[in-house]
Amino acid sequence: MDHPNRRKFIGTAAILVTSAAAVAASPLMTIEKKHPIVHHVFFWLKNPDSKEDRDQLIAGIKALSKINTIKGLHVGIVADTEKRDVIDQSWSVSELIFFDDLAGQAVYQNHPLHLEFIKNCSLLWTKVVVYDVAEA
């Protein structure tokens, strides 16, 4: 391969990689800009080794998506990433919910489906930590 073609190939590859990264990041960026209130909850299960308890909690969280003020919902479990001092892997399940505004988040807090979720699933966890975030 001669040098001008090699440079053209490397330049094209760099553009493709950069474009792919931008496209991969864009859905979350769109949700954050469109729905600037984020409610992130971490749950510690009483029985962290119980797949049944984990699945029951996940199903309960997913049922919350029927609340009309929720604009985006992501349910997650601990990722098997490298172990570092700054990474907390002690929790079991997380929920990440996006709202348009604080009023929508308040509706969620008092919604019958959310109250039912707490009633039916709170026996599964020992600890819950909530981070409510507004766009800066």
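What comes next is a walk through the structure. (Residues numbered from 1 in each chain as written. Predicted model: local features only at pLDDT ≥ 70, side-chain atom pairs only at ≥ 80, totals over all residues. Heavy atoms only, no water.)

## Here's the deal with the nonpolar core
Stated formally: To form a nonpolar core, buried Ala, Val, Leu, Ile, Met, Phe, Trp, Tyr and Cys residues must be joined to one another through side-chain atoms within 4.5 Å. Remark: exposure states derive from per-residue accessible area (1.4 Å probe, protein chains only) relative to the maximum for the residue type, with buried under 20%, exposed over 50%, and partly exposed in between. Helix numbers and strand numbers start at the N terminus; a helix is a DSSP run of H or I with at least 4 residues, a strand a run of E with at least 2. By the convention used here, residues are in contact when the closest approach between their heavy atoms is within 4.5 Å.
If you look at the biggest cluster of nonpolar residues, it comprises 19 residues, and the most contacted ones within it are Phe43, Leu57, Ile61, Ile70, Tyr108 and Phe117. Looking at this core, the elements with two or more residues in it are β1 (37-45), α2 (51-63), β3 (93-99) and α4 (112-121). When residues in this core are grouped by element, the largest group, four residues, is from β1. Not counting the four nearest positions on each side in its chain, leucine 57 is found in contact with Phe43, Leu45, Val93, Phe117, Cys121, Leu124 and Trp125.

## So, the environment of phenylalanine 42
With respect to the helices, strands and loops of the structure, phenylalanine 42 is situated in strand β1. Residue classification places phenylalanine 42 among the buried residues on the basis of a relative accessible area of 15%. Once the C-alpha coordinates of phenylalanine 42 and valine 93 are considered, the two residues, 51 residues apart in sequence, prove to be 6.0 Å apart. Those residues within four positions of phenylalanine 42 in sequence are excluded, and the remaining contacts are Trp91, Val93, Ser94, Lys127, Val128, Val129 and Tyr131.

## Observations regarding the packing of aromatic side chains
Rules: Pairs were defined over the aromatic rings of Phe, Tyr and Trp, the Trp ring being its six-membered one, requiring ring centres within 6.5 Å. Orientation was assigned from the angle between planes: stacked under 30 degrees, edge-to-face over 60, tilted for the rest. The criterion for a charge sitting over a ring is simple: Lys NZ or Arg CZ within 6 Å of the ring centre, and within 35 degrees of the ring normal.
A full pass over the atoms with the stated rule returns six aromatic pairs. Aromatic side chains phenylalanine 43 and tryptophan 125 sit 4.9 Å apart centroid to centroid with 45° between the ring planes, which places their arrangement in the tilted category. A residue pair is termed long-range when its members are at least 10 positions apart, and phenylalanine 43 in strand β1 and tryptophan 125 in strand β4 (residues 125-134) qualify at 82 residues. Each member of the pair, phenylalanine 43 together with tryptophan 125, is buried. Considering the side-chain rings of phenylalanine 117 and tryptophan 125, the 5.7 Å spacing of their centres and the 40° angle between planes classify their relative orientation as tilted. It is lysine 127 that lies over the ring of tryptophan 44; its NZ or CZ is 4.4 Å from the centre.

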